[in-house]
Amino acid sequence: MSDTAPKADLIDVELKTGHVIIQLRPDLAPLAAERIRTLAAEGFYDNTPFHRVIHGFMAQGGDPTGTGTSGSHLPDLKAEFTRAAKFERGTVGMARTMNPNSANSQFFIMFEPSPHLDGQYTIVGQVVEGMEHIDQVKRGAGQSGVVQDPDRIISMRPVAA
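Structure report, in brief. Note that the coordinates shown come from a computational prediction; the quantities given were computed from them, not determined experimentally.

## Points about the pairing of strand 6 (residues 107-110)
Here strand 6 shows a buried face lined by Phe 107 and Ile 109 and a second buried face lined by Phe 108 and Met 110. Strand direction decides the pairing type here: strand 4 (residues 58-61) and strand 6, joined by four bridges, are antiparallel. Its bridge partner being in strand 6, Ala 59 is matched across the sheet by Ile 109. Pairing of strand 5 (residues 91-94) with strand 6, which is carried by three bridges, proceeds in the antiparallel orientation. Bridging from a neighbouring strand, Gly 93 pairs with Phe 108 of strand 6.

## Digging into the layout of surface pockets
In this approach, a probe sized like a water molecule rolls over the atoms, and the result shows the empty space that is left. When its volume is computed, the largest pocket comes out at roughly 350 Å³. In terms of lining, the largest pocket is formed by 20 residues, of which the most central are Gln 60, Ala 95, Arg 96, Thr 97 and Gln 106.

## As for the pairing of strand 1 (residues 10-15)
In summary, the side chains of a regular strand alternate between the two faces of the sheet. Looking at chain direction, strand 1 and strand 2 (residues 18-24) are connected through six bridges and run antiparallel. Paired with Ile 11 across the two strands is Ile 22, which belongs to strand 2. In sequence, strand 1 turns back onto strand 2 through a hairpin of two residues. The pairing of strand 1 with strand 8 (residues 155-158) spans four bridges and is classified as antiparallel. Note that in strand 8 the partner of Ile 11 across the bridge is Pro 158.

## As for the packing of aromatic side chains
If you walk through the whole model with that rule in mind, you get five aromatic pairs. Aromatic pair Phe 44 and Tyr 45: ring centres 5.2 Å apart, planes at 90 degrees, arrangement edge-to-face. Each member of the pair Phe 44 and Tyr 45 is classed as buried. Pairing Phe 87 with Phe 108 gives two aromatic rings, centres 5.7 Å apart and planes at 15 degrees, and the pair type is stacked. One end of the pair, Phe 87, is in the loop between strand 4 and strand 5; the other, Phe 108, is in strand 6, with 21 residues separating them in the sequence. Of the two residues examined, Phe 87 and Phe 108, each falls in the buried class. Sitting above the plane of the Phe 111 ring, Arg 139 keeps its charged end 4.0 Å from the centroid.

## Observations concerning empty space enclosed by the protein
Following the criterion strictly, the structure yields one cavity of 30 Å³ or more and no others. Computed from the structure, the largest cavity encloses a volume of approximately 50 Å³. Leu 15, Lys 16, Thr 17, His 133, Gln 136, Val 137, Asp 151 and Arg 152 are the residues that line the largest cavity. Considering only residue class, the lining of the largest cavity consists of two nonpolar, three polar and three charged.

Thresholds, definitions, all that
Residues numbered from 1 in each chain as written. Predicted model: local features only at pLDDT ≥ 70, side-chain atom pairs only at ≥ 80, totals over all residues. Heavy atoms only, no water. Buried < 20%, exposed > 50% of the residue type's maximum accessible area, 1.4 Å probe, protein only. Helix = DSSP H or I, 4+ residues; strand = E, 2+ residues; numbered from the N terminus. Pairing = 2+ DSSP bridges. 1 Å grid on protein atoms, 1.4 Å probe; cavity = no way out; pocket = protein on both sides within 12 Å on 5 of 7 lines; lining within 4 Å. Points joined across faces, edges and corners; volume = space filled by probe spheres on them. Phe/Tyr/Trp six-rings, centres within 6.5 Å; stacked < 30°, edge-to-face > 60°. Lys NZ or Arg CZ within 6 Å of the ring centre and 35° of its normal. Nonpolar A, V, L, I, M, F, W, Y, C, P; charged D, E, K, R; others polar.

Taken by themselves, the reported measurements are silent on function.
Here you go:
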């Protein structure tokens, strides 16, 4: 874990296999980082599934319905695309529809680098501890990666100061 990261920028994600620490990147995406922090503090992500998981690509969660079509009670966010960071292993991005300004609560964590996403999706954070637990999340089937009986986030909270 980064000693320089403010505790407010660290999110603890509890999975059945262990804890994952995400360092938010408000320097790249202040709106998205605040959204993840706010929803995590509210307990919004607790028991939400990783509904879309594609081997060698990413694990997506953050939709309470588990369908990939829903978000939080808050309005959608303006895109915060950057070329200052890349989608590498452990990068956390904000999921969206074809509309670039449609990110809300859903996020995805990269298993492998995906340069085709660079500058196309908001980078909101980076896994700094526990990526081995993300590697163990149940994979979905086919190109859509939809998961039957998906693994769930037990709890997701900002790290206490």
